[in-house]
Amino acid sequence: MNQRSFKTDSFLLFDGAMGTMLQREGIKPGELPDSYNILHPEIIEKIHRAYLEAGSDIITTNTFGANRLKLKRSGYSVEEIVKNAIRIARKAAGEKKLVALGIGPTGQLLEPSGTLRFEEAYALFADQVRAASGEEADLILIETMSDLYEVKAAILAAKENSSLPVFCTMTFQKNGRTLIGTDPLTMVNVVQSLGADALGLNCSLGPKELMPIVREITRYSRVPVLVQPNAGLPEYKNGETVFNVGAEEFTSYILQMAEYGVRLFGGCCGTTPEYIAAVRAALKDKNPAQCVPESFSAVSSASKTVKLGDSVKIIGERINPTGKKKIKEALKNNDLDYILNEAISQKEAGAHILDVNAGLPEIDERAMMVSLVKELQSLINLPLQIDSVRADVLEAAVREYNGKPIINSVNGKKEVMEEIFPIVKKYGACVIGLTLDECGIPSKAEERLEIAEKIVSEAVKYGIPKEDILIDCLVLTASAQQCEVKETVKAVAMVKEKLGVSTTLGVSNVSFGLPNRGLLNKTFLAGALAAGLDAPILNPMDQEMMDTVHAFNVLWDTDKEAKNYISLYAGMPGKTDSKEGASETGLHKIVMNGLKDEAGPKTRELLKEMGGMQIVDGHLIPALDQIGQKYEKGEIYLPQLIQAAETVKKAFEVIREKLLESGTGSLSKGKVILATVKGDIHDIGKNIVKILLQNYGFDVIDLGKDVPPEEVVKAVKAHGVRLVGLSALMTTTVKSMEDTIKALKESGAGCSIMVGGAVLNEDYASRIGADFYGRDAREAVKIAQGFFDEVK
């Protein structure tokens, strides 16, 4: 890090909140904090110096919102904001303290939940990183992220455009997940695999609420952990935002986190130099705890991590054109719905991971694979295994993948390892190693072990940990190479004993060319599992194979107390319970599974049998309600909620067309105005509320972001709206929310007001004059439903 570096054997302190300090310095509602790097550099320098004097080792530049989207209407460029910010920070820090280039979220939802494409997000972050080129920043801090996909874009942008160390923090909710649904283990598994030099969490919650999340992160993280809590929760007193945890209480929790192994601390909303000074004093004579993280092998989607080795994990094999005529035809015809239904069926049947192969010579494999990955990760939360013999296909797919996938595959050939291992390392993937080399597949187990040893040894040289390697000892057919079948099983046992890595096999290959293939498959599977097979690749729709796995997990003591086995088989000898969703049919199931392209045709079909409102009230709203209940219980997360809502939207469009043609009525349940208040350019939360309200039948007038009070008042009067929703993310803009509420009430508009945003709670909302507080989009829908039921 230039001539400056930090010690890894001691505690390091970042600074506290910039926004809180800017409020003290008199920033006005609506002023862009980043603009102070140009307009008031002396104030930013003063704040930096205050934190340095309090004991900060690292100060973060005032660039949280310095991307093209957020600066669009400011008149300033990314380059001038970033360069000025670094120069101010460096002037304050001198040569002994460190400067972190702060990079916040884009303020937009990425696909599939929103419209911002992954590479567009990457470009926004790359602009910020490149703007710092030639300046004296010591590291890059990617902070306050709620979307793991956005984190990936930011880390790649940082690493591909700079050599500076990269730290990354995400922001978690009370349910222990980020807004988009990422849990702590998944965050750790993906972020450290992408090469972050430190990771952790900041914002949203106070130190007490963060304790269980911190404990989970420190349990698994191989890299230093950074924690920057808020000063508790916000309250509204005497016209000002204050936080309910003082410096002394804040510090008491920091000391507990230090015992867990956290080495990097700072503060977020509500914290000031007083807090940093208190933490510095408390840590003065203490040394970091020496904690050894738990070793684990795992793959992840954005919201689900599947550990390998603790029980048998099924890799679903059906999305592969080899020997599957219908999949082949679906790929040729770009019929993604058929493939998506295959994915859903495999998930419902019990698959833990899905293999995805689009290898047909007559199609554009690379484009098809990327499309499949995007569609699959928008619908299901199972991790994916990207399967191709082409390196360019693998790289394109894993780059777009939101999580930590498996790459299938590499082998013992030197040129293949040289081509594939850099991709595995760069994108933090797991990889399957096939025990074949330039001489083909060895007949003996010992020779396959030698190739496995070579693969593992070479992978480690690339910085790929053993935990990220699965070895496939290759199943040969009993019909042609009968004596070598047992060598595969023997090789699995040897790999587990000698190398200690995870193992996988394509099980059904063993029976090719023989009658009663199912009998051979399940018998071979049982033997391979006993030898140490961790993740068989098989058809999860084959009930006998699944039965074998479930039974094995009981007998090998991985299904504790046989809970899963009993839930599947109790009272139903020889037959598993029906999977969830088996009773769901037609449009309801289409909505539940988020199959957008099927919603329109199915709705047209139903319109031949019933009226539009019957479809809305009998199919669409019940499906949305069920999805909402799953969301509230934590069974699904925001991407699946939005996908279902967007599916309903397709159905609504067809029904609206029919109603317009017949002139028989309206779908509207009521009219709502939404706006992000003046000075706040974050509209993610507002946009999510908009999507759900629209798909519950409400007409939404979206005024956008950074909306002055007078514009809200004008719109309410012009449209005769009875319910207004206001959003604010930043503590600096809550005053704008209060001003807007006051303006609406003084105008005599006669509307009710609901508010939401990360800095709000029910008490806070009441104190600033709001009628309702919506903690999330689902709650906002309930408020709107109740309100319009009352005023009818």
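Above this text sits the structure in question.
Here the structure is a predicted model, which means the values were calculated and not measured. (Residues numbered from 1 in each chain as written. Predicted model: local features only at pLDDT ≥ 70, side-chain atom pairs only at ≥ 80, totals over all residues. Heavy atoms only, no water.)

Asks: Is there a simple way to explain the overall build of the chain in this structure?
Replies: Within the chain one finds 30 helices and 25 strands. At 28 Å, the chain has a C-alpha radius of gyration in line with the 28 Å of a compact globule built from 792 residues. Taking the principal axes of its C-alpha atoms as reference, the chain extends roughly 85 × 75 × 50 Å. A burial count over the chain gives 59% of its 792 residues as buried. Here the analysis covers contacts within the chain between residues at least 6 apart in sequence; of these, 74% occur between residues at least 24 apart. Of the side-chain charges in the chain, 93 are positive and 106 negative, and the distance between the mean point of each set is 1 Å. (Helix = DSSP H or I, 4+ residues; strand = E, 2+ residues; numbered from the N terminus. Rg over C-alpha atoms; globule rule 2.2 N^0.38 Å. Buried < 20%, exposed > 50% of the residue type's maximum accessible area, 1.4 Å probe, protein only. Contact = heavy atoms within 4.5 Å. Lys, Arg positive; Asp, Glu negative; His and termini not counted. Charge placed at Lys NZ, Arg CZ, Asp CG, Glu CD.)

Asks: For this particular structure, what's the right way to read the packing of helix 9 (residues 207-220) against helix 10 (residues 247-260)?
Replies: The relative placement of two packed helices comes down to the angle between their axes together with the axis-to-axis distance. Where helix 9 contacts helix 10, the axes come no closer than 10 Å and their chain directions differ by 10 degrees. Compared by their axis directions, helix 9 and helix 10 come out roughly parallel. Where helix 9 approaches helix 10, its residues Pro207, Lys208, Leu210, Met211, Val214, Arg215 and Thr218 are matched on the opposing element by Phe250, Tyr253, Gln256, Met257 and Tyr260. Here the contact of helix 9 with helix 10 is composed, by residue class, of 8 nonpolar, 2 polar and 2 charged. (Axes fitted to C-alpha atoms, helices over the stretch in contact; angles between N-to-C directions. Parallel < 35°, antiparallel > 145°, perpendicular 65-115°, else oblique. Nonpolar A, V, L, I, M, F, W, Y, C, P; charged D, E, K, R; others polar.)

Asks: Where do I start with the sheet that holds strand 19 (residues 502-506) in this structure?
Replies: For sheets, the rule is that strands pair by backbone hydrogen bonds, running either parallel or antiparallel. The strand order around the closed barrel formed by 8 strands is 13-14-15-16-17-18-19-20, and the pairing between neighbours is parallel. Neighbour to neighbour, the strand axes of the sheet diverge by 30 degrees on average, direction disregarded. Relative to strand 18 (residues 469-472), strand 17 (residues 430-434) runs parallel, the two being bridged by 4 bridges. By the bridge assignment for strand 18, Leu434 is matched with Asp472. (Pairing = 2+ DSSP bridges.)

Asks: Looking at this model, I keep getting lost on the state of the cysteines. Mind explaining?
Replies: Overall, the coordinates contain 0 disulfides when judged by the stated rule. Between Cys168, a cysteine without a disulfide, and Cys268, which holds the nearest cysteine sulfur, the sulfur-to-sulfur distance is 14 Å. The class for Cys168 is buried, based on a relative accessible area of 1%. (Disulfide = S-S within 2.5 Å.)

Asks: Hey, could you run me through empty space enclosed by the protein in this one?
Replies: It is a probe the size of a water molecule, rolled over the atoms, that shows where empty space is left. Under the definition given, this model contains 4 cavities of 30 Å³ or more. The space that makes up the largest cavity amounts to roughly 200 Å³. Lining the largest cavity are 17 residues, with Pro112, Ala302, Gln377, Asn402 and Pro639 sitting closest to its centre. Among the secondary structure elements, those contributing two or more residues to the lining of the largest cavity are helix 14 (365-379) and helix 25 (638-662). Residue composition of the lining of the largest cavity, by class: 7 nonpolar, 8 polar and 2 charged. Lining the lining of the largest cavity are residues from two domains, each supplying at least three of them: domain 1 (12-283) and domain 2 (297-542). (1 Å grid on protein atoms, 1.4 Å probe; cavity = no way out; pocket = protein on both sides within 12 Å on 5 of 7 lines; lining within 4 Å. Points joined across faces, edges and corners; volume = space filled by probe spheres on them. Domains from an automatic or database assignment.)

Asks: What should I look at first to understand the packing of aromatic side chains in this one?
Replies: Here the distance between the centres and the angle between the planes together describe a pair of aromatic rings. The full count for this structure, using the stated rule, is 11 aromatic pairs. For the pair Tyr565 and Tyr569, a centre-to-centre distance of 4.6 Å together with 35 degrees between the ring planes defines the contact as tilted. Of this pair, Tyr565 and Tyr569 both sit in helix 21 (residues 563-569), 4 residues apart, which is roughly one turn of the helix. The exposure class of Tyr565 is partly exposed, given its relative accessible area of 33%. Overall, the relative accessible area of 11% leaves Tyr569 in the buried class. Here Phe698 and Phe788 contribute two aromatic rings whose centre-to-centre distance is 5.7 Å and whose plane-to-plane angle is 40 degrees, an arrangement assigned as tilted. Of this pair, Phe698 sits in the loop between helix 26 (684-695) and strand 22 (699-702) while Phe788 sits in helix 30 (residues 777-791), and the two are 90 residues apart along the sequence. (Phe/Tyr/Trp six-rings, centres within 6.5 Å; stacked < 30°, edge-to-face > 60°.)

Asks: Would you explain the sheet that holds strand 23 (residues 723-727) in this entry?
Replies: Strand order in the open sheet made by the 5 strands is 22-21-23-24-25, with parallel pairing throughout. Among the strands making up the open sheet, the edge pair consists of strand 22 and strand 25 (772-773). Relative to strand 24 (residues 752-756), strand 23 runs parallel, the two being bridged by 5 bridges. Bridged to Leu726 within strand 24 is Val755. Against the sheet, helix 27 (residues 709-719) makes contact with strand 21 (671-676), strand 22 and strand 23, and its axis sits at roughly 170 degrees relative to strand 21, the strand it touches most.

Asks: I would appreciate a short explanation of the pairing of strand 23 in the present structure.
Replies: For a regular strand, side-chain orientation follows a simple rule: the groups alternate between the two sheet faces. Burial of strand 23 is extensive: 5 of the 5 residues sit out of reach of the surface. Residues Leu723, Gly725 and Ser727 point to one face of strand 23 and Val724 and Leu726 to the other, with burial holding for every one of them. Relative to strand 23, strand 21 runs parallel, the two being bridged by 5 bridges. Of the residues in strand 23, the one forming a bridge with Val672 is Leu723.

Asks: I'm lost on the pairing of strand 15 (residues 384-387) in this one. Help?
Replies: Side-chain alternation along strand 15 places Leu384 and Ile386 on one buried face and Gln385 and Asp387 on a second face that is also buried. Here 4 bridges tie strand 14 (residues 353-357) to strand 15, and the two strands are oriented parallel to one another. Bridge pairing links Val356 to Ile386 in strand 15. Of the crossover connections in this fold, the one passing from strand 14 over helix 14 to the parallel strand 15 is right-handed. Direction of pairing for strand 15 relative to strand 16 (residues 406-411): parallel, over a ladder of 3 bridges. The residue of strand 16 that forms the bridge with Gln385 is Ile406. (Right-handed = clockwise from strand over helix to strand, strands pointing away.)

Asks: Would you mind showing me how to read the packing of helix 23 (residues 596-607) against helix 25 here?
Replies: Helix 25 packs onto helix 23 with a crossing angle of 35 degrees between their chain directions and a minimal axis gap of 8 Å. Crossing geometry of helix 23 relative to helix 25 is assigned as right-handed. Here Lys596, Ala599, Gly600, Thr603, Arg604 and Leu607 of helix 23 lie close against helix 25, whose contacting residues are Gln643, Glu646, Thr647, Lys650, Ala651, Val654, Ile655, Glu657 and Lys658. (Left-handed = near helix turned anticlockwise from the far one by under 90°.)

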